[in-house]
Every structure is written in structure tokens, then in C-alpha cells.
Amino acid sequence: MLFALMMNAALAADAPTTETAAPAAPAGTEAERLEQYKERAVLFEDWVGISASTGAVVSTWTVPKKGVYGEPLNGGKFYDYIGHKDLGDKFRKREAVSLGLRFGGLALAGGGLALALTNMSTDCEFVGTAIYPKADSAAEARSMCKAENASKAPKSTAGYVLAGVGAVGLGVGFYIPVHPVQDFERKKMAAEFNKQLAVELGLNSETSK
């Protein structure tokens, strides 16, 4: 027993001591580090859209900026900058879907409407041989007009259907939320980023405000 204790003491004495390295002190003076913080911190500008005719608020939106010089952090760039590239990728995918629906819906709606309008029915009540010179009489001209309307009807119907589908696609494209998180969540994420930035630069919470 005594021998085992002596061996353990000897091994403990010979074992190398490990020391935890102290974190490196941030470079630069406090004033320089504070300037870095001001240039790198994420700020938000809240905007309000007001109707010129009624004065009512019609929309609100938030714009993230980088630092006091206001470099825009639009779209997925915001998430990339604060270290959430996964959310940036989600934003870009949603934005691509939204834009695809908008432009595709607009093109489909426009093409469908054009098809419908070029195949509109003609009022056959007052047509005559002047409009249908191949007809031998006004009655035959009206018959030709009605036959022409019947042949146009499927194309006109298809045009209106396409225009309706395009309009729905266009509306959905504007309705889809492209941001994977809500505005208040983005502000919380930015606040956490700013807090970590202050720690990185060796600034306390009061100094970095």
C-alpha cells in the first residue's frame, strides 16, 4: 500500500503541468476598437410607407445596415454577414421562387389576356356582305359570323383561363414571405451578433452602445 502511494506521488511529480493559455488581448487602443465596432455592428432602419392622398400608413419595412456608414445588408447578405449562411441560402431559394412566380405569372396573364382579346366574339346582328364579301346575303353573312365565333370560343376561353392562372401565380409570388425569420427575430439575431462583436473587441456593453 505504501509502495503504491509512493509510485503515484512520483508519477504525479513527473507529469508535465498544463496551463490554460490566456486569451489574446484585442489589438489596438480602446478608441480604435470602438471605431471598429461602430463600423462593423449591425443597425436597423425602420421605414413607413404613407399614402399621399389619405395620410394613412400603408406599409412598414426594416432595412439592416452595416455600421455607421450604412452599407446595405440586403436579403441573404444580412444572414451571411452575421454568420447564418444557412438562412441566407433559404432566403435566396425563396426569393428565386417568388420572382419566378411573379414574372411567370405576369407573362402568363399577359399572354392569356392577349389570346382572349384577339379571339373575342363578334356581334353578328348587324354584319353584312361588306364584312363578309363571300356571303351572298346578309343572312349568310350572319351565319358565317356565328360560325367564326364558335371557332374562336375555345381559344378565347383558354386565354381567360391562362390569364386567371397567371394572375394567381403573380399574387402568390408577392404573398410568399422570402425571409425565413420574422423582423423581430432578425433584430434579436443582430443584437446577439453585436454583443459577440463587443466581446471580440474587448468592449463592455456600455462602451459599445
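Before reading on, note that the structure itself is shown above.
An account of the accompanying structure is given in this report. Remember, it's a predicted structure, so these values are computed and weren't measured experimentally. (Residues numbered from 1 in each chain as written. Predicted model: local features only at pLDDT ≥ 70, side-chain atom pairs only at ≥ 80, totals over all residues. Heavy atoms only, no water.)

### Section: the overall build of the protein
Helix and strand content of the protein: 6 helices and 3 strands. Seen in sequence order, the protein has helices and strands lined up from the N terminus as α-α-β-β-β-α-α-α-α. Looking at the protein as a whole, 25% of its 209 residues are labelled buried. Roughly 14,300 Å² of accessible area belongs to the protein as shown, and the carbon and sulfur atoms make up 63% of that amount. (Helix = DSSP H or I, 4+ residues; strand = E, 2+ residues; numbered from the N terminus. Buried < 20%, exposed > 50% of the residue type's maximum accessible area, 1.4 Å probe, protein only. Areas by Shrake-Rupley, 256 points an atom, 1.4 Å probe, with all protein chains shown as cover.)

### As for the environment of leucine 108
You can see leucine 108 is positioned in helix α4 (residues 85–118). Since its relative accessible area comes to 33%, leucine 108 is described here as partly exposed. When neighbours within four sequence positions are excluded, leucine 108 is seen to be in contact with Leu162, Ala163, Val165 and Gly166. (Contact = heavy atoms within 4.5 Å.)

### Focus: the packing of aromatic side chains
By the definition in use, this model includes 3 aromatic pairs. Here phenylalanine 44 and phenylalanine 78 contribute two aromatic rings whose centre-to-centre distance is 5.9 Å and whose plane-to-plane angle is 65°, an arrangement assigned as edge-to-face. One end of the pair, phenylalanine 44, is in strand β1 (residues 42–50); the other, phenylalanine 78, is in helix α3 (residues 76–81), with 34 residues separating them in the sequence. Take phenylalanine 78: its relative accessible area is 0%, and that puts it in the buried class. Here the aromatic rings of phenylalanine 78 and tyrosine 79 are separated by 5.1 Å at their centres, their planes lie at 75°, and the arrangement is edge-to-face. One aromatic cluster is present, built from ring pairs that chain together Phe44, Phe78 and Tyr79. The ring of phenylalanine 78 is capped by arginine 186, whose NZ or CZ atom sits 5.8 Å from the centre of that ring. (Phe/Tyr/Trp six-rings, centres within 6.5 Å; stacked < 30°, edge-to-face > 60°. Lys NZ or Arg CZ within 6 Å of the ring centre and 35° of its normal.)

### Structural notes on the layout of surface pockets
Reported here for the largest pocket is a volume of approximately 150 Å³. For the largest pocket, the full set of lining residues is Phe91, Glu95, Arg102, Phe174, Tyr175, Ile176, Pro177, Val178 and His179. Those elements that provide at least two residues to the lining of the largest pocket are α4 and α5 (138–175). The element contributing the most residues to the lining of the largest pocket is α4, with 3 residues. (1 Å grid on protein atoms, 1.4 Å probe; cavity = no way out; pocket = protein on both sides within 12 Å on 5 of 7 lines; lining within 4 Å. Points joined across faces, edges and corners; volume = space filled by probe spheres on them.)

### Digging into the state of the cysteines
Throughout this description, disulfide means a covalent bond between two cysteine sulfur atoms. Counted by the stated rule, this structure contains 1 disulfide. Shown here is the disulfide that connects cysteine 124 with cysteine 145, its sulfur atoms set 2.0 Å apart. Handedness of the cysteine 124-cysteine 145 disulfide follows from its S-S torsion of about -80°: it is left-handed. Linking cysteine 124 in the loop between α4 and α5 with cysteine 145 in helix α5, this pair joins segments that are 21 residues apart in sequence. You'll find cysteine 124 and cysteine 145 in the same group, each marked buried. (Disulfide = S-S within 2.5 Å.)

### Let's talk about the packing of α4 against α5
In contact at an axis separation of 7 Å, α4 and α5 are set at 160° when each is read in the N-to-C sense. The angle between the axes of α4 and α5 places the two elements in the roughly antiparallel class. Our pair here, α4 against α5, has a crossing hand that is left-handed. (Axes fitted to C-alpha atoms, helices over the stretch in contact; angles between N-to-C directions. Parallel < 35°, antiparallel > 145°, perpendicular 65-115°, else oblique. Left-handed = near helix turned anticlockwise from the far one by under 90°.)

### Some remarks on α4
Three or four residues apart is the spacing at which side chains of an α-helix point the same way, because the helix has 3.6 residues per turn. Taking 1.5 Å per residue as the helical rise, α4 with its 34 residues ought to reach 50 Å, and the 49 Å between its terminal C-alpha atoms agrees with that figure. Those residues of α4 not exposed but buried are Leu87, Gly88, Phe91, Ser98, Gly105, Ala109, Gly112 and Ala116. Along its buried surface, α4 packs onto α3, α5 and α6 (183–200). (Expected span 1.5 Å × (residues − 1).)

### Quick look at the nonpolar core
Counting residues in hydrophobic clusters, the biggest one holds 17 residues, and the most contacted among them are Tyr37, Val42, Phe78, Tyr79, Ile82, Met189 and Leu197. Considering each element in turn, this core owes the most residues, 5 residues, to α6. Setting aside residues no more than four positions away along its own chain, isoleucine 82 makes contact with Val42, Met189 and Phe193. Formed by 6 residues, the second largest nonpolar core is a distinct cluster that contains Cys124, Val127, Ala135 and Ala141. (Core = buried A, V, L, I, M, F, W, Y, C linked by side-chain atoms within 4.5 Å.)

### Quick look at the pattern of salt bridges
Using the criterion set out here, one finds 8 salt bridges in the structure. Between glutamate 200 and arginine 40 there is a salt bridge; the shortest N-O distance is 3.2 Å. Placement of glutamate 200 in helix α6 and of arginine 40 in helix α2 (residues 30–40) is noted, with a sequence separation of 160 residues between them. When its relative accessible area of 48% is taken as the criterion, glutamate 200 is described as partly exposed. As a salt-bridge pair, aspartate 89 and lysine 85 come within 3.2 Å of each other at their nearest N and O atoms. Here the residue aspartate 89 and the residue lysine 85 both occupy positions in helix α4, the gap between them amounting to 4 residues, near one helical turn. By relative accessible area, which is 30% here, aspartate 89 ends up partly exposed. Among the charged side chains, a network of salt bridges with common partners joins Asp80, Lys85, Asp89 and Arg92. (Salt bridge = Lys/Arg side-chain N within 4 Å of Asp/Glu carboxyl O.)

These values are about where atoms sit, not about what they do.
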